[in-house]
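Structural features, examined
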Amino acid sequence: MSDKKKIAILGGGPSGLAAAFHLTNEPGWEDKYDVTIYQLGWRLGGKCATGRGPGGRIEEHGIHLFGNFYSNTFHMVRDAYDVLYGPDGVPQTPEQKARADEPIRTMEEAFIPSDYGLVSEYWNGKWIKHDSYMPHNNELPWSEGWTPSVKSLVSEIVQILWSIVTGTELPGAGTGQDKASLHDRIDGMFHKRPKQSAESKAVQKSLKATVAPLKERVETMDDDSQPGLVGELVLHILDILRVVWDLVGGLIKKDNYLRWVWIQLDYYGTVLVGTLEDEVFTKGIDRIDHLDYRTWLRSHGGSDLMLNSPLPQLAINICFQYREGDSTRLPSMSAAAYLTFTLRAILAKGAATWFFAAGTGETIVTPMWRVLKERGVKVQFFTKVTDIQLTEDGKRVGKVLYEEQARTHKDKPYEPTYLFKGLNCWPAEPLYDQLADGDKLRGIDLESYWNGYHGEEKTLHLGEEFDEVVLAIAIGALPSIASDIIDAKPDTWGRMIDGVKTIPTQAFQLWFDKSIPEMGFDSTLYGTDRLVGANYNFPTTDFVDFSDLIPWEDWDDRDVPAPKGLLYFCGPMQDLTVTPPFTDTSYPKQAYDRVKWTAANYLRTFAGPNLPDATASAIDAQGLDFSLLHNFDPKVPDEGINRINQQYIRPNIDPSERYVTSLPGSARHRLRAWDSGVDNLVLCGDWTYTGINVGSFEGAVMGGMLASYAMIGSPTLEEIDAYTFLRPNETGAPPRLKDE
């Protein structure tokens, strides 16, 4: 009998993959552990799973790109690329040399930096756009070392304030990553004004004179704990805001440019004042978790003008922070989660955002899966967990019940990807030719809880198939699969289920027969910057240009020309008052129709403000000309608005797809990886207490790293970037298997 501990990881999303990756990082792990991932359906990636649809289209669950502060994710993906291809893509082993012709082999090839953001705002009866270039620097987010401090935060924000009032440190055309550190291009006080009046020059001179002492003071800082330092900095910032308001307050109602300058100064100044006054670096940020972000900003002097502007809503819309998915109500987010997200972005390395060279599946998930497969980690696909049961004494997980959704011919290992243009791609449905009952399964969505299909019931037993369990299935599914534990532990699990809320989301992808510039997007982009739109109308406030992915799709041998443009849209989706039972197999179609209807109506007002050369007609200056949408199937000649039928529409309604929100007071309900209260169960996911406590790929990866720490003590808490950032008193627990 083997002495290896059998570790069952339930769920193969980003968190489960991260847990498996770090559990198998330690040399000699294979002599101690036997690791198996149990995965619903036919693919890995969870909410970030990619599928290849008709025309080889890359079909995602939503908009996926990485923020500059996803340092743990970047480090993990870098390590996977180094294993597959050698450090910096230079092969060292025969296996790495055999992959030398693959198209994406380095981090520089896999990730594309971008700093541009199109911020939309409805003002004075019309939509206006703010071309924004987000704070960034010339470092790489996958490089080592990240030690934020009060001084580094103050320095970064003061640099932003200085840039706003002086217009200095602006990028030159085509400079890409060589842009100067931490600028805000259009937000220079008088940038893009061909002529300055004597009055405007006097205003600028006064502002520079006000900011200069603070800039000089920060440059001489050498000790975060200097007596009186916080009070001195706060007074400096408040003085800047007072002077700015005295100079421009009377002009902002008629001068949008000055109004936007004020909003930015007010926002960044308020964030810094609040951070310093609440002493979150030394006393911890969870002390403000009970506050809503708007309440917190207002309590530190933020004006209503700033609070109701798009700027503080950017993080909100990125993170879908709407109760019950209802975007007709004011958003709500914990001040602690909001500030953590904001400060990590300000302090992080590199460009503000990083696009993937191909789909999320090909760029991120596939390398992780390939490394795990090489290491000997097993993945059992088509495993739908239905119940996690405790032993009679309630101390351990005794059984995991599941449905075997499909079997392969002769029980051979399922090979989930196929090769296309040199990439290992994930299909949008199972590769049926590998399955024993493949033809019978066609048309059944094996990822849906509402599919009406039931596979053969099977059981994993303690001491046989598993010794330890890592629960990496999303929290939305736990009421239906972990009721035994929830009922047994109402003070912990019950509070978590009640206090950590999830919402459905919606997404759609549109392929166009014209490029985005041809349809009227005319903002100046630098280097590899892309269109990232935020805050335009509800509910799908976010839209991003992914036209660069079209060459990775399969349009070459079709009867119609390839599309030229590709936009993704994503946003919250309002929950139903009563969610239909899983026996109601009509619900997925109802949800699909809701999103399609939302998309069609949204586009009736989208084109005019954003793509003015793509409007419908001379008498409709707002709506999209739907004939610009690409028809991938010439046998179905949809015209007009019916072309929406050939786009990709996705409601994310399944329990494991629902987005985890960060409502005020919710952090105290999040359980840590080691706090399941069940001896052989470790928790894993962006729904656990991760330090960032925001639903995200980074949060999921941190959840996986913490699960590995809870199991074997590796990585250490200090090796998990930013876990203790703004949480100085955070401690761990003795790892379960460290000394075994």
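Before going into details, it helps to say that this report is about the structure given with it. (Residues numbered from 1 in each chain as written. Predicted model: local features only at pLDDT ≥ 70, side-chain atom pairs only at ≥ 80, totals over all residues. Heavy atoms only, no water.)

**A word on the overall build of the protein chain**
From N to C terminus, the protein chain includes 20 helices and 26 strands. In terms of overall dimensions, the protein chain is globule-like: its C-alpha atoms have a radius of gyration of 26 Å, near the 27 Å expected for 740 residues. In the protein chain, which comprises 740 residues, the proportion classed as buried is 62%. For the protein chain, contacts bridging at least 24 residues in sequence account for 74% of all contacts bridging at least 6. For the protein chain, the computed accessible surface area is about 28,500 Å², with 50% contributed by carbon and sulfur atoms. (Helix = DSSP H or I, 4+ residues; strand = E, 2+ residues; numbered from the N terminus. Rg over C-alpha atoms; globule rule 2.2 N^0.38 Å. Buried < 20%, exposed > 50% of the residue type's maximum accessible area, 1.4 Å probe, protein only. Contact = heavy atoms within 4.5 Å. Areas by Shrake-Rupley, 256 points an atom, 1.4 Å probe, with all protein chains shown as cover.)

**Observations regarding the pattern of salt bridges**
Here the structure, examined in full by the defined rule, presents 31 salt bridges. Ionic pairing is found between Asp-548 and Arg-530, a salt bridge with its closest N-O pair at 2.8 Å. Residue Asp-548 is found in the loop between strand E20 (542–545) and strand E21 (565–572), and its partner Arg-530 is found in the loop between strand E18 (505–512) and strand E19 (532–534); the two are separated by 18 residues along the sequence. Among the residues examined, Arg-530 registers a relative accessible area of 15% and is labelled buried. (Salt bridge = Lys/Arg side-chain N within 4 Å of Asp/Glu carboxyl O.)

**Structural notes on the pairing of strand E8 (residues 126–133)**
Relative to E8, strand E7 (residues 116–123) runs antiparallel, the two being bridged by 8 bridges. Paired with Ser-120 across the bridge in E8 is Lys-129. Counted between consecutive antiparallel strands, the loop separating E7 from E8 contains 2 residues, among which Asn-124 sits at a positive phi close to 55°. (Pairing = 2+ DSSP bridges.)

**So, the packing of helix H1 (residues 14–23) against helix H20 (residues 697–712)**
For the pair H1 and H20, interaxial distance at closest approach is 7 Å and the crossing angle is 40°. As judged from the angle between their axes, H1 and H20 are oblique. In the packing of H1 onto H20, the handedness of the crossing is right-handed. Residues Pro-14, Ser-15, Ala-18, Ala-19, His-22 and Leu-23 of H1 touch H20, and the partners they reach there are Phe-697, Ala-700, Val-701, Gly-703, Gly-704, Met-705, Ala-707, Ser-708, Met-711 and Ile-712. Among the residues making up the contact of H1 with H20, the classes are represented as 11 nonpolar, 5 polar and no charged. (Axes fitted to C-alpha atoms, helices over the stretch in contact; angles between N-to-C directions. Parallel < 35°, antiparallel > 145°, perpendicular 65-115°, else oblique. Left-handed = near helix turned anticlockwise from the far one by under 90°. Nonpolar A, V, L, I, M, F, W, Y, C, P; charged D, E, K, R; others polar.)

**Looking at the nonpolar core**
Core analysis: the largest hydrophobic core is formed by 166 residues, its most contacted members being Ile-7, Ile-9, Phe-66, Phe-111 and Val-154. Take this core: its biggest share by element is 13 residues, from helix H8 (residues 256–277). Apart from the residues within four sequence positions on either side, Ile-7 is in contact with Leu-23, Tyr-33, Asp-34, Val-35, Thr-36, Glu-468, Val-470, Met-711 and Leu-737. Trp-450, Ile-516, Tyr-536 and Ala-591 belong to the second largest nonpolar core, which has 67 residues in total. (Core = buried A, V, L, I, M, F, W, Y, C linked by side-chain atoms within 4.5 Å.)

**Some remarks on the sheet that holds strand E1 (residues 5–10)**
Here we have 5 strands laid out as an open sheet, ordered E10-E2-E1-E16-E26, and parallel in their pairing. In the strand order of this sheet, the two ends are held by strand E10 (378–380) and strand E26 (681–683), each with one partner. Taken over all neighbouring pairs, the strand axes of this sheet differ in orientation by 20° on average, direction set aside. Of the strand pairs in this sheet, E1 and strand E2 (residues 33–38) are connected by 6 bridges, and their pairing is parallel. Opposite Ile-7, over in E2, you have Val-35 as the bridge partner.

**Section: the packing of aromatic side chains**
Two numbers describe a pair of aromatic rings. These are the distance of the centres and the angle of the planes. Summed over the entire model, instances satisfying the criterion amount to 41 aromatic pairs. Centroid distance Phe-74 to Phe-111: 5.1 Å. Interplanar angle 70°. Geometry classified as edge-to-face. Note that Phe-74 is positioned in helix H2 (residues 71–85) and Phe-111 in strand E6 (residues 111–114), a separation of 37 residues in sequence. We classify Phe-74 as buried; its relative accessible area is 0%. With a relative accessible area of 2%, Phe-111 lands in the buried category. With centroids separated by 5.8 Å and ring planes inclined at 80°, the aromatic side chains of Phe-111 and Phe-356 adopt a geometry described as edge-to-face. With Phe-111 in strand E6 and Phe-356 in strand E9 (residues 353–356), the pair connects residues that are 245 residues apart, well separated along the chain. Aromatic rings pair up to connect Phe-66, Phe-69, Tyr-70, Phe-74, Phe-111, Trp-142, Phe-341, Trp-354, Phe-356 and Phe-697 into one cluster. Here the guanidinium or amino end of Lys-384 rests over the ring plane of Tyr-449, the centre of that ring lying 4.7 Å away. (Phe/Tyr/Trp six-rings, centres within 6.5 Å; stacked < 30°, edge-to-face > 60°. Lys NZ or Arg CZ within 6 Å of the ring centre and 35° of its normal.)

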